[in-house]
Amino acid sequence: MQYEIIVLAAGQGKRMNAGRNKQFLMINSVPLIIHTLKLFEEDECCSGIILVINEKETDEIESLLQEYLFNKEIKIVAGGKERQDSVYNGLKALCGEEIVLVHDGARPFVKIPFIHSLVDMANTHGSAVLGVPVKETIKQVAEDSAIIKTIDRSDVWSIQTPQAFKVEIIKQAHQKAAEEEFLGTDDASLVERLGKNVYIVESDYKNIKLTTPEDLLFAEAILSNWSNR
Ligand code: CTP
Ligand code: MG
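Residues numbered from 1 in each chain as written. Chains lettered and ligands numbered in written order. Predicted model: local features only at pLDDT ≥ 70, side-chain atom pairs only at ≥ 80, totals over all residues. Heavy atoms only, no water.

Naming follows an unreviewed UniProt entry, where the chain appears as 2-C-methyl-D-erythritol 4-phosphate cytidylyltransferase of Litchfieldia salsa. In UniProt, the chain has this text filed under Catalytic activity (unreviewed entry): "2-C-methyl-D-erythritol 4-phosphate + CTP + H(+) = 4-CDP-2-C-methyl-D-erythritol + diphosphate". Of the comments in the UniProt record for the chain, the one headed Pathway (unreviewed entry) reads "Isoprenoid biosynthesis; isopentenyl diphosphate biosynthesis via DXP pathway; isopentenyl diphosphate from 1-deoxy-D-xylulose 5-phosphate: step 2/6." (UniProt positions renumbered as here; feature names shortened; annotations may be inferred.)

Following this line, the structure appears as structure tokens:
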């Protein structure tokens, strides 16, 4: 089934501490954002790519897109202050598919079969996200560092992107969040506030988001035997 995707690259990458937007960092000599975009360039079910960027980085992005030769058209949209604002701007640029995916530009290792399962799940249920069961023991901790309790991890998941939605649902969710000035850390949380179910599709632990400097080491290791299938 066909889908459009919004790829988010308009952040600052502060936690990466690289002095610039992490999207431009090289992994095995190719910029992070190019690794991510190439996944969707190669997926025949992806009918349109909307790339949300910091307006100030337009020239740099455009020259990368020329250098790395894409067959699909990549529509460039200016991002906003928060991630949620960037998604909102991306939603305004959609071209008419029934399903939209929202994906972090900083997450270059999502496998295509997971994307297709995710799209099917969203088509059936309206909203779906990729995720993995947490591996560590999870505890709730008070401000004074004392442990309050241990959370039963059997039903706790770590949530990734892409997140997939029927377009009317995610637009309604963002509209409501904007009206109520609610800021969520992902798009699914906005849909949850509508009282609608969001379903998880189990992904793998390689679908990391590059957030802090050591993630670059993990990324190089993953890339050393990477296949998108
Ligand atoms: N993002 C965006 N617009 C924003 C903030 C974030 O498009 N206003 C994007 C980032 O470019 C990234 C994704 O959302 O691909 C996930 O966000 P995160 O990992 O937090 O990236 P940054 O916000 O860039 O990093 P940091 O929070 O460390 O500054
Ligand atoms: Mg951020």
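### Thoughts on the site of ligand 1
What surrounds ligand 1 is a group of 19 residues, the closest being Leu8, Gly13, Lys14, Ser86 and Lys209. Gly11 is positioned with one of its backbone polar atoms (N or O) 3.0 Å from an oxygen atom of ligand 1. In the model, an oxygen atom of ligand 1 is placed 3.3 Å from a nitrogen or oxygen of the Gly105 main chain. Taking 560 Å² as the accessible area of ligand 1 by itself, protein coverage stands at 88%. (Near = heavy atom within 4 Å. Polar contact = N/O pair within 3.5 Å; in protein donor to acceptor, adjacent residues only side chain to side chain. Areas by Shrake-Rupley, 256 points an atom, 1.4 Å probe, with all protein chains shown as cover.)

### As for the pattern of salt bridges
According to the stated counting rule, one finds eight salt bridges in the structure shown. The closest approach of N and O atoms between Asp104 and Arg107, which form a salt bridge, is 3.3 Å. Each of the two residues, Asp104 as well as Arg107, counts as buried. Between Lys176 and Glu180 there is a salt bridge, with the nearest N and O atoms lying 3.0 Å from each other. For Glu180, a relative accessible area of 41% corresponds to the partly exposed category. Here the residues in one salt-bridge network are Arg83, Asp104, Arg107 and Asp187, joined through shared partners. (Salt bridge = Lys/Arg side-chain N within 4 Å of Asp/Glu carboxyl O. Buried < 20%, exposed > 50% of the residue type's maximum accessible area, 1.4 Å probe, protein only.)

### Quick look at the UniProt feature "site: Positions MEP for the nucleophilic attack" (unreviewed entry) in the chain
Within this structure's numbering, the places UniProt gives as "site: Positions MEP for the nucleophilic attack" (unreviewed entry) are Arg153 and Lys209. Along the chain, Arg153 falls in the loop between β9 (147-151) and β10 (157-166). On the basis of relative accessibility, which here comes to 39%, the residue Arg153 falls in the partly exposed class. Apart from residues lying up to four places away in sequence, Arg153 is in contact with Val134, Lys135, Glu136 and Thr137. Relative to the elements of secondary structure, Lys209 occurs in the loop between β11 (199-202) and α7 (214-224). (Helix = DSSP H or I, 4+ residues; strand = E, 2+ residues; numbered from the N terminus. Contact = heavy atoms within 4.5 Å.)

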